[in-house]
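# Summary of structural features
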Amino acid sequence: MINIKEDKELNVMNHSCAHLMAQAVKHLYPHALFWVGPVIEEGFYYDMDLGDDVIKEEDLERIEKEMKKLSKDGKRIYREEISKEEALERFKNDPYKVDLISRMDEDSTVISCYTQGDFTDLCRGPHVDSVKELKYFKLIKFSGAYWKGDSKNKMLQRVYGVCFKNEEDLNNYMHELEEAKERDHRKIGKDLDIFMSHDLVGKGMPLWLPNGAIVRKELENYIYAKERKMGYKHVYTPCVGTVDLYKTSGHWDHYKENMFPSMKVDEEEFVLRPMNCPHHMLIYGNELRSYRDLPIRIGEFATDFRYEASGAVKGLERVRCMCQNDAHLFVRPDQIGEEFKKVVELILDVYKDFGLKNYKFRLSLRDKEDKEKYFDDDEMWNTAENKLREVLNDYGCEYTEAIGEAAFYGPKLDVEVKPAVGPEVTLSTCQLDFLLPRRFDLSYIDKDGTKKTPVVIHRAIFGTFDRFTAFLLEETKGVLPLWLSPVQVNIIPVNNEYHTEYSKEIYKLLDDNNIRVNIDLRDEKLSYKMRESQTNKIPYTLILGDNEKDNNLVSYRCFGTKETISMNKNEFLDKIKEEIEKRVI
Ligand code: TSB
Ligand code: ZN
């Protein structure tokens, strides 16, 4: 999809269209006050205080109609530059604008207003010359949005829209949007019974249904086997820790806003953990370590809790309770390069196994100015950042650099992917850390008998099982490979009366061989059952009738094909066993 924010002309048009929408809203809701209306990748939105009014679906049409009227009317848009004093005077009855203006620095910012007909808005611009240039727009959706993104503030009404240069572009965009909705893992996850959520459990706390649990278990088995082969040792640790643990690690100072509030039990104060590093540090510190023991790789499928803004939580992609495919690698300084390289190789290997191609590497570095987030040790940061660059260059990986995106304890390599709907997210991550081992006073005895501090590499290949599953559902459009499919084979007898017995025999053969098989004995038409098998995206549908029964055959249809293939039942079993074992995609 086109990135509207980055297209100069569309950016201006969409910005002007946000004003046009505000003007229309003002006509329909004269008491409306406006906060901000930025251009985003997908178009624009405006946050508005409509008093007690709450936007509903049918309101979008009304607003759009008014916008069309205003556009036809074709008023010119003109710019005025005013002093801060004048701006404060002019907008004195609008607390939102006063808030914006009072935070403006008169010496460095020009304060400007844009007016079209009866509507004036404070704005940096630029804008199109006349509202008549805005013809091909559409209001897309609406939501609540806390003022300044803070849940303690008033909830404003946010309306999203998009504007294009011509009808064709708008239609194409709307078509793509429809397709994206179809590909959204929240829709697929519901259709395929992968996960659900419930207000009584809470926002961002998905419940994995039996089908989803199968996918997750398969992912766990898959990555566990890979990690075990690479010398990882897996552990289980509690999903809480004391506040003191997180004070020791530095999370309490640097990561508190992402954590759930603490709770007191007897004399101890606990937090739900947002990360597992502190627990793994303690496991490392539990034994005396020699230089010969390193690298030590401690892995865990670990449940974490993070405070994510309620407007940001999204299906399985951004949750408040997640399970990381986590590991902490404790290495000697001379092993950083090699170990980091192995992680990059593992990432590439895994993405290949899943046939994933739409991803980008990003090197996340510190913002040197941000002394609050990042610990102050230039040398340590420089060494770590250069080390990562070096390995990436050696490996010939293409990557971009992002300042200010590093973790508080060190720089990292992230893998970024684009969901069907919404901005990019991080899937895999590999982070270098010189800080935590020091804070936990970790050591190993070096060759010369002296005590040295290990370096830690934090890494999560899937990121979280939650986010990876979300991405996988979108990339595959829910058509999972055989080895991951909740139901691998669906058996439909041609006639329940005559073919149930043979169908049950085939069911047993497959079930005994650990194939996830279903038999559909419902009193429904064959064609209905076959269609449903397709809707549920089951890889193999077996249709068993007289010919199959008399000759020990199975006849099957693969998902998405119309062709029926017949085969000896044992041959079929061998075929799919091989397909599962090889994890064919
Ligand atoms: C890799 N301490 C490290 C760990 O050792 C860590 O926690 N890194 S992290 O903060 O980047 O999180 C790891 C991964 O979790 C991210 O790469 C991302 O893929 C995933 N993740 C982060 N936040 C969420 C969330 N709210 N919902 C789902 N997945 C998330
Ligand atoms: Zn970690």
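Residues numbered from 1 in each chain as written. Chains lettered and ligands numbered in written order. Predicted model: local features only at pLDDT ≥ 70, side-chain atom pairs only at ≥ 80, totals over all residues. Heavy atoms only, no water.

### What about the coordination of the zinc ion (ligand 2)?
Coordination of the zinc ion (ligand 2) by the protein involves Cys277 (SG), His328 (NE2) and His458 (ND1), with metal-donor separations of 2.1 to 2.4 Å. Each donor residue of the zinc ion (ligand 2) belongs to the same chain, and together they define the spacing C-x50-H-x129-H. Of this pair, Cys277 sits in helix α10 (residues 277–285) while His328 sits in strand β16 (residues 321–331), placing them 51 residues apart in sequence. Of the two residues examined, Cys277 and His328, each falls in the buried class. (Donors = N, O, S within 2.8 Å, 3.2 Å for Na, K, Ca; no water. Helix = DSSP H or I, 4+ residues; strand = E, 2+ residues; numbered from the N terminus. Buried < 20%, exposed > 50% of the residue type's maximum accessible area, 1.4 Å probe, protein only.)

### Digging into the environment of Pro38
The topology assignment puts Pro38 in the loop between β1 (33–34) and β2 (39–40). Overall, the relative accessible area of 28% leaves Pro38 in the partly exposed class. For the pair formed by Pro38 and Asn14, sequence separation is 24 residues and the distance between their alpha carbons is 8.7 Å.

### Regarding the pattern of salt bridges
Side-chain pairing between opposite charges can occur once the charged atoms of the two side chains come close. Taken as a whole, this structure holds 52 salt bridges when the rule is applied. Salt-bridge contacts for Asp121 lead to Lys97; the nearest nitrogen and oxygen are separated by 2.9 Å. Of this pair, Asp121 sits in strand β6 (residues 119–122) while Lys97 sits in helix α4 (residues 95–102), and the two are 24 residues apart along the sequence. The pair formed by Asp121 and Lys97 is uniform in burial state, with each residue classed as buried. For the salt bridge of Glu220 with Lys217, the shortest nitrogen-to-oxygen distance reads 3.6 Å. Taken together, the residues Glu220 and Lys217, both in helix α7 (residues 210–229) and three residues apart, mark about one turn of the helix. Look at Glu220 and you get buried, because its relative accessible area is 15%. Take Lys217: its relative accessible area is 47%, and that puts it in the partly exposed class. If you follow the salt bridges from partner to partner, you end up with Arg362, Glu405, Lys412, Asp414 and Glu416 in one network. (Salt bridge = Lys/Arg side-chain N within 4 Å of Asp/Glu carboxyl O.)

### Considerations on the nonpolar core
Leu219, Val350, Phe354 and Phe462 are the most contacted members of the largest nonpolar core, which totals 85 residues. If one sorts the elements of this core by residue count, helix α11 (residues 336–353) sits on top with eight residues. In this structure Val350 touches Tyr222, Ile223, Ile461 and Phe462, once residues within four positions along its chain are discounted. (Core = buried A, V, L, I, M, F, W, Y, C linked by side-chain atoms within 4.5 Å. Contact = heavy atoms within 4.5 Å.)

### Observations regarding a negative patch on the surface
A cluster of acidic residues, Glu85, Asp105, Glu106 and Asp107, forms a negative patch at the surface. Classification of Asp107 by relative accessible area gives exposed; the value is 77%. (Patch = residues over 30% accessible without salt bridge, like charges linked within 9 Å, V, L, I, M, F, W, Y side chains within 5 Å. Areas by Shrake-Rupley, 256 points an atom, 1.4 Å probe, with all protein chains shown as cover. Lys, Arg positive; Asp, Glu negative; His and termini not counted. Charge placed at Lys NZ, Arg CZ, Asp CG, Glu CD.)

### Thoughts on the site of ligand 1
Close contacts around ligand 1 come from 22 residues, with Glu308, Asp326, Thr426, Leu427 and Thr464 the closest. Side-chain polar atom of Gln324 to an oxygen atom of ligand 1: 2.9 Å apart, as the coordinates give it. In isolation ligand 1 offers 610 Å² of accessible surface; the protein chains occlude 95% of this area. For the shell around ligand 1, the secondary structure elements donating two or more residues are β16, β20 (425–433) and β23 (455–464). Examining the composition of the shell around ligand 1, we find that five residues originate from one element, β23, more than from any other. A breakdown of the residues in the shell around ligand 1 according to their chemical character gives seven nonpolar, eight polar and seven charged. (Near = heavy atom within 4 Å. Polar contact = N/O pair within 3.5 Å; in protein donor to acceptor, adjacent residues only side chain to side chain. Nonpolar A, V, L, I, M, F, W, Y, C, P; charged D, E, K, R; others polar.)

### Description of the pairing of strand β19 (residues 412–417)
Among the six residues in β19, six count as buried, and that is most of the element. Because side chains alternate across β19, one face comprises the buried residues Lys412, Asp414 and Glu416, and the other comprises Leu413, Val415 and Val417, equally buried. Of the pairings in the sheet, the one linking β19 to β20 comprises five bridges and is antiparallel in character. Each residue of the ladder has a partner; that of Glu416, found in β20, is Thr426. (Pairing = 2+ DSSP bridges.)

### Description of the environment of Asp184
Structurally, Asp184 is set in the loop between α5 (167–183) and α6 (185–191). The class for Asp184 is buried, based on a relative accessible area of 7%. Separated by 172 residues in the primary sequence, Asp184 and Val12 have C-alpha atoms spaced 29 Å apart. Setting aside residues up to four positions removed in sequence, Asp184 forms contacts with Ala420, Val421 and Glu474. In this structure the side chain of Asp184 is engaged in a polar contact, spanning 2.6 Å, whose partner is the side chain of Arg186.

### Quick notes on the sheet that holds strand β12 (residues 240–242)
If you walk across this open sheet you meet the three strands as β12-β14-β13, and the pairing is antiparallel. Because the sheet does not close on itself, it has two edges, and the strands there are β12 and β13 (263–265). On average, each strand axis in the sheet is inclined to that of its neighbour by 40°, with strand direction left out of account. Here β12 pairs with strand β14 (residues 268–272) via three bridges, running antiparallel. Following the sheet pairing, Gly241 is matched in β14 by Val271. (Axes fitted to C-alpha atoms, helices over the stretch in contact; angles between N-to-C directions.)

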